[in-house]
Amino acid sequence: MGFLMVALMQALVVTPDVAALADARVMESEPARTVRELSPDDMLLFALTLDGRTVTDGLTAYGTPEEPWLPVGELARLLDLDLAVMPDEGRIEGTLGEDRRAIFIDLATRTARVGGRDVALSPSEVGVMPTDIYIRAGALAGILPIDFAVDVEALTITLRPRETLPVQARAARLRRLQGLSRPGSNAEEAVLQIDTPYRLASPPAFDAILEAVTDSRREQAVSRRYDLRFAGDLLYSNVQGYIGSDNEGVPSTARLMLERRSSEGALPFGATRMSLGDIFTPTLALGPRSVAGRGIAFSTAPLSQANLLNTIDLRGELPIGYDVELYVNDVLRSGQRTPVEGRYEFLGVALVRGVNVIRIVTYGPRGERSEVVRVVNAGGGLLPKGETAIDIGLIQQQPLLRFRGQAMEDSGIGGVGDPRLVLSVAHGLTETFSLIGGASLYSSSAGDQREMATLGVRASLWGFAVQLDAAGDQSGGLALASGASGNILGTPVYLRHSEYRDGFIDETGLTGGVDRPLVRKTVLTASRNLPLPGFSLPVSMSLMRDGFADGGTSWTATARTSTSLLRTLVSTGVDYTRDTSGTGATQERMIGTFDLSRLINFTWQLRGSLSYDLLPEARMRGASVTIDRSVGDRLAMRLGYGQSFGEMRDGTVQGGLVLRMPFGDFALTGDYATASKDWRVGLRIAFGALFDPDRRRYALTPPGPSTSASVVFRSFIDADEDGVFSPGDEPVPQVGIGGGARQSLTREDGRALVTGLSAGPTGRLQVDTGNVDRLYLATPPATIGFAPRPGQVLHIPYAMTAAGEVWARIFLRRGGEDVGISAVRVQLMREGQPALTAATEYDGSVIFSNVPAGRYLLELDPDQARSLRMRLKAPVELAVAPDGAQEIQAEIVFDRDGT
């Protein structure tokens, strides 16, 4: 009997870590991966220090003290890192450092990429809990610019940054260090998911940009233009509208669309998207490309899926004065500085097979920078067995709304005002073989009406994604295309060749126009991370050859790369074209670009660009540099200089001041040409408006509520625990809310208006109560999830309850002494509430933080108690008072037949 008691004591006191590690579970997903789902029995608490100051004394970790698994999400919140950690999706994404190095980790596809380089991250080095993703300290040091010095005896981790962290920059700027640790772990046991159903009608959100400009070259005194946008719910869908003017202030462009989305395919007929109004038609493998017009669209394809050609079309809103850059797998692919009908458009963006991280970076006239990340898994067009994807678009090639005298824009392929019907269907026959087909009725660039059909297959053969397509039209035109994508010597490669006969027109590869029809086309793309001393260089290359009916050819080649040098994001590229006519005449041109971007001390935004010709002769084309500086939260400055070379050689000096107010932005800008002596002065006013559901009236905001989601957030101590703010409840100020365009804090009334949230399929907010002047508070989960959409205004009541702290010690009486027992799972039980569970430390102590006030029972975990045949010697009741601390001790005994 005594021997069994000793064995039990050894199991409880000596070896809890070994047992906990043995209980770690392996999760299986698609594709299968070996990632540990950590056991709560394996939890460690570390103190975290930075620059000699304690950031938190309760960093939750797992594993062994010598090599712990550290929580990436919690570290990101503590250190102000720009990282979004999604444990339910097994993904980490964001940027690092002043040069905004992109970071992307996807556990499902075993992808780990930082700053354009692949990082070795073994699945066994990653642990998953419901609220965070944990990575071993040694591996995490290779991802973040931080070394972790672990003091095993003191259970302290000292951070040694290899570059300035945002929290350090903020501390130097504000002369203070704000600890962002959450006060307890019980508040973050799950994501607080907010339901966002579509409504019959909601008050729309608005955005307006008004601009007045005068310059030395205008006959009239002042030119005026504006952009107006609105969005909201209507007829259980999302409605989005846009009106833009010309330089005379006369309305010239308008758009209106009604759309409903469901990432789960919960719409009628399993649709993921249904649109009505100004929409875009889908693209077929051969024949018609995506075109805008008024009509209706329907799709059952996943919202993040690339089309069946391993390419994707990207479109979005682009206000006046903004420009946008497109990065694919950390390489700058393209950019757009002037909006077309109020938006940007990148068509036919080539993707590699597998995971593609697409970043759309938008720069504003006030120095602001925003980034949207999309992750697209291009599978070569293969669908799961039995799954069917349908895309339909029926339009008339003109806007839904037209102003008197407005000319209809020609998309470059003809058919303005004509109908266009496109249908695409794909079906997965097996896991490695899919059948696709399509049909279309449209007006071609040749000016005639076309009726065409396509049929093709997608297959996986010997590790390559293989494509084969055939198409024909009613005039006898024929097309045949084949392609393959895969890895060759570690390089993702995509090759496609097309042949056209008897006048078939393929809009997806149209380059020569009506007067020079294509007869064949070959496209080759490749991307590779080139290993260099100390870093790797991501390179993207493409080569295209067109053959024309007149016997001529055209070659186009591009090479682009982006990397971080001296904490500066540097991008460079070369474009080469060689055109040979049917008579043998040849023209060559090679153009180079060089771009850089850096965020200095997280307050200065530096951007520069350089363009030059290499062929037919080497010469400079243009150069520019801009510097944006934020002076506090209210004022921003911009200085810039641009130089053009060649026949129209001139230099331009730019300057601007921006006043940022809670109700909008006011910008005064000007530029002066040093050679021509031309000048320009402009005044821009940008603001938004949304309906405040609390105050039942509209409120002015900074720009953005019509193109993204917004939140009216209210934090309060819920005295009656009904989850609704009512008389008697106490507002809680200084609660931080992250996830919008700017970090927000609740005011004295406990309210905060958060704008600039994502409008993608999913959105998240992070709540920080570290600055709340209350010692004990029980809070809802600190992570709030929702499904955002443009113009949406969510009302989120964040109901907290007054709480206390309970310190308990579980002991066993042996030889007249009380011996603390470790690894005993205990629970605080309250009627009608879920149990609060924790495990004792090495000395038998356990702390329950932020326990809501009320009466509780302390009990043993029933499963562990049953397994070890132990129980409390006597029932333990306690009353937890608000802002109070309780200390209790409880003796355990073993049943007689177990002693």
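Residues numbered from 1 in each chain as written. Predicted model: local features only at pLDDT ≥ 70, side-chain atom pairs only at ≥ 80, totals over all residues. Heavy atoms only, no water.

1. A word on the overall build of the chain
Put simply, the rule reads: Strands here are runs of E lasting at least two residues and helices are runs of H or I lasting at least four, both read from the DSSP assignment and numbered beginning at the N terminus. Relative accessibility thresholds used throughout: buried, under 20% of the residue-type maximum; exposed, over 50%; partly exposed, between the two (1.4 Å probe, protein chains only). By the convention used here, residues are in contact when the closest approach between their heavy atoms is within 4.5 Å. The Shrake-Rupley method, run with a 1.4 Å probe, gives the accessible areas here. Residue values count only the displayed protein chains as cover.
Check the secondary structure of the chain and you find six helices and 63 strands. Classification of the 899 residues of the chain by burial places 48% in the buried group. At a minimum sequence separation of 6, the contacts of the chain that also span at least 24 residues come to 54%. Just so you have it, the chain exposes about 41100 Å², and 56% of that area is on carbon and sulfur atoms.

2. Things to note about a nonpolar patch on the surface
For clarity, the cut-off: Here the term patch refers to residues with relative accessible area over 30% and no salt bridge, with like charges joined within 9 Å and nonpolar side chains (Val, Leu, Ile, Met, Phe, Trp, Tyr) within 5 Å. Salt bridge, as used here, is a side-chain nitrogen of Lys or Arg placed within 4 Å of a carboxyl oxygen of Asp or Glu.
A contiguous nonpolar surface patch, about 1000 Å² in accessible area, is contributed by I600, W604, V625, I627, L639, Y641, V653, L668, Y672, W679, V681 and L683. Elements with a contribution of two residues or more to the nonpolar patch: β41 (619-631), β42 (635-644), β44 (664-673) and β45 (679-692). It is β45 that contributes the most residues to the nonpolar patch, three residues altogether. Structurally, I600 can be placed in strand β39 (residues 586-600).

3. Examining the side chain of T272
For the record, the criterion: By the criterion applied in these results, polar contacts are pairs of N or O atoms within 3.5 Å in which, for protein atoms, one can donate a hydrogen and the other can accept it, and in which residues neighboring in sequence qualify only through two side-chain atoms.
With respect to the helices and strands, the residue T272 is situated in the loop between β19 (251-261) and β20 (273-280). You can call T272 buried: its relative accessible area is 4%. Polar side-chain contacts of T272 include one of 2.5 Å to the backbone oxygen of A301. Residue contacts for T272: discarding those within four places in its chain leaves R260, R261, S262, G265, L267, S299, T300, A301 and L303.

4. So, the nonpolar core
The line we're drawing: To define a nonpolar core, start from buried Ala, Val, Leu, Ile, Met, Phe, Trp, Tyr and Cys residues and group those joined through side-chain atoms within 4.5 Å.
L70, L79, I135, I143 and F148 are the most contacted members of the largest nonpolar core, which has 41 residues in total. With five residues, helix α3 (residues 72-79) is the largest single contributor of residues to this core. With residues near it in sequence (within four places) discarded, L70 still touches L59, A61, L75, I133, Y134, I135, A137, L140, F148 and I157. Counting 26 residues, the second largest nonpolar core, distinct from the first, contains V824, V851, M870 and F894.

5. What to know about the sheet that holds strand β62 (residues 876-880)
Backbone hydrogen bonds are what pair the strands of a sheet, in a parallel or an antiparallel way. What counts is decided by this rule: Any two strands are treated as partners once DSSP identifies two or more bridges connecting them. Each axis is a line fitted through C-alpha atoms, and for a helix only the stretch in contact is used; angles between axes span 0 to 180 degrees, taken between their N-to-C directions.
The sheet built from four strands is open, its strands ordered β58-β57-β60-β62 with antiparallel pairing. Among the strands making up the open sheet, the edge pair consists of β58 (836-839) and β62. Along the sheet, successive strands turn relative to each other by an average axial angle of 30°, direction set aside. Where strand β57 (residues 825-829) lies against strand β60 (residues 854-860), four bridges are found, and the strand directions are antiparallel. Along β60, the bridge assignment pairs L828 with L858.

6. Topic: the pattern of salt bridges
Using the criterion set out here, one finds 37 salt bridges in the structure. In this structure, the salt-bridge partner of R680 is D671, at a minimum N-O distance of 3.8 Å. Note that D694 and R751 form a salt bridge whose closest N and O atoms lie 3.0 Å from each other. A residue pair is termed long-range when its members are at least 10 positions apart, and D694 in the loop between β45 and β46 (697-701) and R751 in strand β51 (residues 751-757) qualify at 57 residues. Using a relative accessible area of 25% as the deciding quantity, one classes D694 as partly exposed.

7. With respect to α3
In terms of burial, α3 is largely enclosed, as seven of its eight residues are buried. What α3 keeps buried is the set V72, G73, E74, L75, A76, L78 and L79. Two residues or fewer after α3 comes D80, characterised by a positive phi angle close to 65°.

8. Observations regarding the sheet that holds strand β54 (residues 783-786)
Spatial strand order, β15-β54-β52-β49-β50: five strands in an open sheet with mixed pairing. Each having just a single partner strand, β15 (192-193) and β50 (744-745) make up the two edges of the open sheet.

9. Focus on the pairing of β44
Across 10 bridges, strand β43 (residues 650-661) lies against β44 in antiparallel orientation. Bridging from a neighbouring strand, T652 pairs with A673 of β44. Here β43 folds back onto β44 in antiparallel fashion, the turn holding two residues. Of the pairings in the sheet, the one linking β44 to β45 comprises eight bridges and is antiparallel in character.

10. A closer look at unusual backbone geometry
Here L615 and P616 are connected by a cis peptide whose omega angle stands at 5°. The topology assignment puts P616 in the loop between β40 (604-615) and β41. Even without being glycine, Y236 reaches a positive phi, approximately 55°. Within the element layout of this structure, Y236 appears in the loop between β17 (223-234) and β18 (237-245). Note on Y236: relative accessible area 44%, which makes it partly exposed.

11. Here's the deal with the pairing of strand β5 (residues 68-71)
Side chains of β5 alternate between two faces, with P68 and L70 and W69 and P71 buried alike. Looking at chain direction, strand β4 (residues 53-63) and β5 are connected through two bridges and run antiparallel. Bridging from a neighbouring strand, G63 pairs with P68 of β5. Sheet topology note: the β5/strand β12 (residues 132-136) ladder contains three bridges and is antiparallel. Opposite L70, over in β12, you have I135 as the bridge partner.

12. Comments concerning the confidence of the model for the chain
Heads up, the condition is: On a range of 0 to 100, pLDDT expresses the predictor's confidence in each residue.
Within the chain, residue pLDDT values average 81, and 88% of them lie at 70 or more. Of the regions scoring below 50 in pLDDT, residues 1-33 engages in 56 contacts with residues more than four places distant in sequence or in other chains. Under a pLDDT of 50 for its full length, residues 175-189 has, in the predicted model, 43 contacts with residues more than four places off or in other chains.

13. Topic: the packing of aromatic side chains
So the rule is basically this: Stacked, tilted and edge-to-face are the three classes assigned to paired rings of Phe, Tyr and Trp, where Trp is represented by its six-membered ring and a pair needs centres within 6.5 Å; plane angles under 30 degrees give stacked, over 60 edge-to-face, the rest tilted. The criterion is that NZ of a Lys, or CZ of an Arg, lies within 6 Å of the ring centre and within 35 degrees of the ring normal, and then a charge sits over that ring.
The tally for this structure, following the rule as stated, stands at eight aromatic pairs. Pairing Y500 with F504 gives two aromatic rings, centres 6.3 Å apart and planes at 0°, and the pair type is stacked. A single burial state applies to Y500 and to F504, both of which are buried. A ring pair is formed by F713 and Y798, whose centres lie 5.3 Å apart and whose planes are at 35°; its orientation type is tilted. In this pair, F713 sits in strand β47 (residues 709-717) while Y798 sits in strand β55 (residues 793-814), placing the two residues 85 residues apart along the sequence. A single burial state applies to F713 and to Y798, both of which are buried. An aromatic cluster is built from F206, F230, F691 and Y698, whose rings are joined through pairwise contacts. One Lys or Arg, R789, reaches over the ring of Y198 and ends 4.1 Å from the middle of that ring.

14. Considering the side chain of Q397
Its location among the elements puts Q397 in the loop between β28 (388-396) and β29 (419-430). Since its relative accessible area comes to 6%, Q397 is described here as buried. For Q397, the side chain forms a polar contact with the side chain of R420, separated by 2.9 Å.

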